Each structure stands twice: as C-alpha cells, then as structure tokens.
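Architecture and fold: a report
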Amino acid sequence: LLSSFHIDPLISAERYFHRCLVEISRFRSEVAMFGSQYMSQREIQMMLGFGEYGCFMLCQQRCLISGIIEEILGCESIMKLYQCLPSLAHEQETLLNLKVTFQSNLNASVESLQQLLMLMKMSSSLRSEEGKHCIRDTCSTIQGCIDKIEHAYPSSRVDNE
C-alpha cells in the first residue's frame, strides 16, 4: 500500500516528534530546577510556551497526516472493490455506494491536504532560513498532490442533495 519511499519520511518525522517531546520535557525540568541567570521568569515561561505551541503544531500535523493516510488507504480499498464487481448491471447499487464513499474519501483527503498545507505555511515563519527551504519544498509537493487530485477528479465534490 505505502511504499518505503513514503514510509521512510514518516518514520523520520516520528523520530523528530519524539525528540521534540524529549527536548521540551528536558527544558521544563531544567527551568524548574535551575531557572536562568540570563532570562527573567517571564521570558522563560514565554520560551516554554513557544516550545509547547510548536509541539502542539507537530501534533496537529501528525493527526492530519494520519487522516490522509487513512483516507488514501480507504480510496485504494474502494478501487480494489471496483475491480472485483462481477457484473455492473446487477451491482448498480453497490457501485453507487462505492462511488459515493470514494468521492467522500477523496474530498476528505483533499481537505486534509489543504489543512496540512496551510499549517505548514503558517509554521514556516517559525523556522530558520534552512528550515524554511525544506518547508517550501514540502509545501510545493503537497500543492502538487492537491492539483493532481483536483485535475484527475474535477467533479469530485459530492453535493448533499
């Protein structure tokens, strides 16, 4: 389903997430024990809040990516079911249900990708110039995926009638 080309960056991102959690926890402990001779208590709390907000944004990205993977896998399973239908003339209701489910998953995937893109663009201002370059590349890739899906399925929006 997902190739190692797609899984390796996810594993790397998961390691990064856990490293961030360890660092923010270590920072909390260090601040509680020692404080800082160079920063006021207010500045320390602001930095801690900034770090926690960064972890919160990483959690949001993880949730979005998890949802996208689930929706893609759902689309793939539905496409496999399309191939297994014995006769379309006798299975029209099944086909219609699969089509609606496919369109719903596709719409959810596009929406999740758009939310992830927006979140990444917002978080790019928090990164160094080197990090911004990586985020711009990733944003470009995500936008390309969105464009490909919307081009391949131009009438994929499901109307609630």
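Now for a quick tour of the structure.

What follows covers a nonpolar patch on the surface. A surface patch of nonpolar side chains, amounting to about 970 Å² of accessible area, comprises Tyr-38, Met-39, Met-47, Phe-50, Tyr-53, Phe-56, Met-118, Met-122 and Leu-126. The set of elements that each furnish at least two residues to the nonpolar patch consists of helix H2 (41-84) and helix H3 (92-123). Here the nonpolar patch takes four residues from H2, the largest share from any one element. Along the chain, the position of Leu-126 falls in the loop between H3 and helix H4 (129-152). Note on Leu-126: relative accessible area 37%, which makes it partly exposed.

Enumeration according to the criterion identifies zero disulfides in this entry. Cys-59 takes part in no disulfide bond, and the closest cysteine sulfur, belonging to Cys-63, lies 6.7 Å away.

Summarising the element assignment, Asn-105 is placed in helix H3. Overall, the relative accessible area of 19% leaves Asn-105 in the buried class. Filtering out sequence-adjacent residues up to four positions away, Asn-105 remains in contact with Glu-71, Gly-74, Cys-75 and Ile-78.

Here we come to the nonpolar core. Leu-113, Leu-116, Met-120, Ile-142 and Ile-146 are the most contacted members of the largest nonpolar core, which totals 19 residues. It is H3 that contributes the most residues to this core, nine residues altogether. In this structure, Ile-142 is in contact with Leu-113, Leu-116, Leu-117 and Met-120, ignoring residues within four places of it in sequence. Among the nonpolar cores identified, the runner-up in size contains six residues, and Phe-17, Cys-20, Leu-48 and Cys-55 belong to it.

Cut-offs applied
Residues numbered from 1 in each chain as written. Predicted model: local features only at pLDDT ≥ 70, side-chain atom pairs only at ≥ 80, totals over all residues. Heavy atoms only, no water. Patch = residues over 30% accessible without salt bridge, like charges linked within 9 Å, V, L, I, M, F, W, Y side chains within 5 Å. Areas by Shrake-Rupley, 256 points an atom, 1.4 Å probe, with all protein chains shown as cover. Salt bridge = Lys/Arg side-chain N within 4 Å of Asp/Glu carboxyl O. Helix = DSSP H or I, 4+ residues; strand = E, 2+ residues; numbered from the N terminus. Buried < 20%, exposed > 50% of the residue type's maximum accessible area, 1.4 Å probe, protein only. Disulfide = S-S within 2.5 Å. Contact = heavy atoms within 4.5 Å. Core = buried A, V, L, I, M, F, W, Y, C linked by side-chain atoms within 4.5 Å.

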